[in-house]
Amino acid sequence: MKKTNNYSLFTGIVLIIIGIILVLKTTGVITIPIWEQFGTFWPIGLILAGVAFMLRAKALGVVFIALTLILGGLFVVEQFENGETRELVQEIAYDSEVEYLELVLDFGAGDVSIVSGNNDYLVKNMVNTSDVEDPSFEYTKDGNIAKLSISREGSFPQFARIKNEWDITVSSAPVISLDLDYGATSMEVDLKELKTEKIDIDSGATSTKIIFGSYATTVNIDAGASDLNFEFPSDVGVMIDLDGGAVSADLDGFKKTDGTYYSDGYDDKELKIYIDIDAGEQALKENFMRWNYENKIRKKNGSLL
């Protein structure tokens with residue numbers, strides 16, 4: 001009975017560990033290529049089962065075989081459900097009545113870029129993916145307010161080894177807000193020509209770069225183990241609240257007052273950008289605050305290179 005209980009305990013622990021790893025993977029907290037590794041090292045499961053049977057631990061051997069078969073089944077499903085890489089275009093025609101646009105992205109993993117486009121269309125998404133299904137593209141309009149939601153409708157599981165790239169261009173005419181939810185993603189957002197009023201980011205283990213424009217913007221970021229790279233025009237004042245247990249930041253050109261960072265000359269700037277970062281285990285790159293579009297970085301003495 002004692003051995004049986006030990007096997008049950010071991011089985012429960014193994015299942016919990018696997019479940020935690022998969023949850024962290026689907027949420028983008030970790031970026032380990034699980035399926036690629038399984039496709040290479042799956043025979044280890046059979047080896048462990050063989051060792052267990054030799055030691056007369058039959059129940060443990062059955063556990064190893066079952067886990068190998070379960071993970072192998074998911075691996076096979078992933079291989080069959082991912083199609084060939086293909087390209088497609090999703091777009092909304094330009095509408096001069098739209099004065100405010102809310103753009104909502106639910107992406108998952110891959111690469112995303114958001115830039116300003118011309119006024120031939122309100123939003124255009126150029127997709128390069130191996131997902132079998134197209135991204136969901138839902139547009140609604142109420143008077144002069146519009147909302148576009150783009151979300152990945154990919155194969156199960158979401159952490160499968162796929163190619164997924166979105167290149168999104170947005171009209172510079174309306175005021176916009178961005179609601180971005182993504183996992184293990186390389187995100188680049190160029191707002192120089194956009195009137196961006198609000199940005200909400202909920203991300204996992206990511207690399208995010210945002211180039212701000214000369215427009216009053218409020219930013220809320222809830223991120224995992226991420227690299228953030230921000231660039232600001234010189235005519236705005238920037239205030240940054242950092243909240244996180246493992247935050248490392250070197251904010252040249254900023255002064256810290258009561259736990260909040262303020263850019264030099266903040267009070268004298270008419271335009272303000274406010275950024276609230278809940279970093280968690282985030283590590284911010286050294287010198288990630290860049291003051292102009294020529295990528296000149298402030299020296300520690302305050303002068304420009």
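Residues numbered from 1 in each chain as written. Predicted model: local features only at pLDDT ≥ 70, side-chain atom pairs only at ≥ 80, totals over all residues. Heavy atoms only, no water.

For the rest of this paragraph, the subject is the pattern of salt bridges. Under the defined criterion, the tally for this structure stands at seven salt bridges. For Glu97, the salt bridge goes to Lys141, with nearest N and O atoms at 2.7 Å. Residue Glu97 is found in the loop between β1 (86–93) and β2 (100–106), and its partner Lys141 is found in strand β5 (residues 136–142); the two are separated by 44 residues along the sequence. For Glu97, a relative accessible area of 49% translates into the label partly exposed. Salt-bridge contacts for Asp131 lead to Arg152; the nearest nitrogen and oxygen are separated by 2.7 Å. Taken as a pair, Asp131 in the loop between β4 (121–129) and β5 and Arg152 in the loop between β6 (145–151) and β7 (164–171) lie far apart in primary sequence, 21 residues in all. Across this residue pair, the class does not change: Asp131 and Arg152 are buried. (Salt bridge = Lys/Arg side-chain N within 4 Å of Asp/Glu carboxyl O. Helix = DSSP H or I, 4+ residues; strand = E, 2+ residues; numbered from the N terminus. Buried < 20%, exposed > 50% of the residue type's maximum accessible area, 1.4 Å probe, protein only.)

Here the focus is the nonpolar core. If you look at the biggest cluster of nonpolar residues, it comprises 45 residues, and the most contacted ones within it are Ile168, Phe212 and Ile275. Setting aside residues no more than four positions away along its own chain, Ile275 makes contact with Phe212, Val219, Ile221, Phe230, Phe232, Val238, Met239, Ile240 and Asp241. (Core = buried A, V, L, I, M, F, W, Y, C linked by side-chain atoms within 4.5 Å. Contact = heavy atoms within 4.5 Å.)

Here we take up the packing of aromatic side chains. By the definition in use, this model includes five aromatic pairs. When the ring of Phe107 is compared with that of Trp166, the centres are 4.6 Å apart and the planes differ by 80 degrees; the resulting orientation is edge-to-face. On the criterion of sequence distance, the pair formed by Phe107 in the loop between β2 and β3 (110–117) and Trp166 in strand β7 is long-range, its members being 59 residues apart. Taken as a pair, Phe107 and Trp166 share a single burial class, namely buried. Between Phe212 and Phe232, the aromatic rings sit 5.0 Å apart at their centres with planes inclined by 20 degrees, giving stacked as the arrangement. Taken as a pair, Phe212 in the loop between β11 (207–211) and β12 (217–222) and Phe232 in the loop between β13 (227–231) and β14 (236–243) lie far apart in primary sequence, 20 residues in all. Of the two residues, Phe212 and Phe232, neither departs from the other in class, the shared state being buried. One aromatic cluster is present, built from ring pairs that chain together Phe212, Phe230 and Phe232. One Lys or Arg, Lys272, reaches over the ring of Tyr266 and ends 5.0 Å from the middle of that ring. (Phe/Tyr/Trp six-rings, centres within 6.5 Å; stacked < 30°, edge-to-face > 60°. Lys NZ or Arg CZ within 6 Å of the ring centre and 35° of its normal.)

This brings us to the environment of Asp131. Taking relative accessible area as the criterion, Asp131 reaches 3% and is therefore assigned buried. C-alpha of Asp131 to C-alpha of Lys163: the two residues are 32 residues apart in sequence and 7.5 Å apart in space.

Across the chain, the average pLDDT comes to 76, with 63% of residues at 70 or higher. Overall, residues 281–305 carries pLDDT values under 50, and its contacts beyond four positions in sequence, including any with other chains, amount to 74 contacts. (pLDDT = per-residue confidence, 0-100.)

A separate point is the pairing of β11. Relative to β11, strand β9 (residues 185–190) is paired through five bridges, and the arrangement is parallel. When the bridges of β11 are listed, Asp190 appears paired with Ile211. Looking at chain direction, β11 and β13 are connected through five bridges and run parallel. Residue pairing across strands places Ser207 opposite Asp227, the latter belonging to β13. (Pairing = 2+ DSSP bridges.)

In this section: the sheet that holds β6. The ten strands are arranged β5-β6-β2-β8-β10-β12-β17-β14-β16-β15 in an open sheet whose pairing can be described as mixed. The open sheet has two edge strands, β5 and β15 (254–257), and neither has a second partner. Averaged over all pairs of adjacent strands, the angle between their axes in this sheet comes to 15 degrees, without regard to strand direction. When β14 meets strand β17 (residues 271–278), the two strands line up parallel, connected through eight bridges. From the neighbouring strand, Ile240 faces β17, where its bridge partner is Ile275. (Axes fitted to C-alpha atoms, helices over the stretch in contact; angles between N-to-C directions.)

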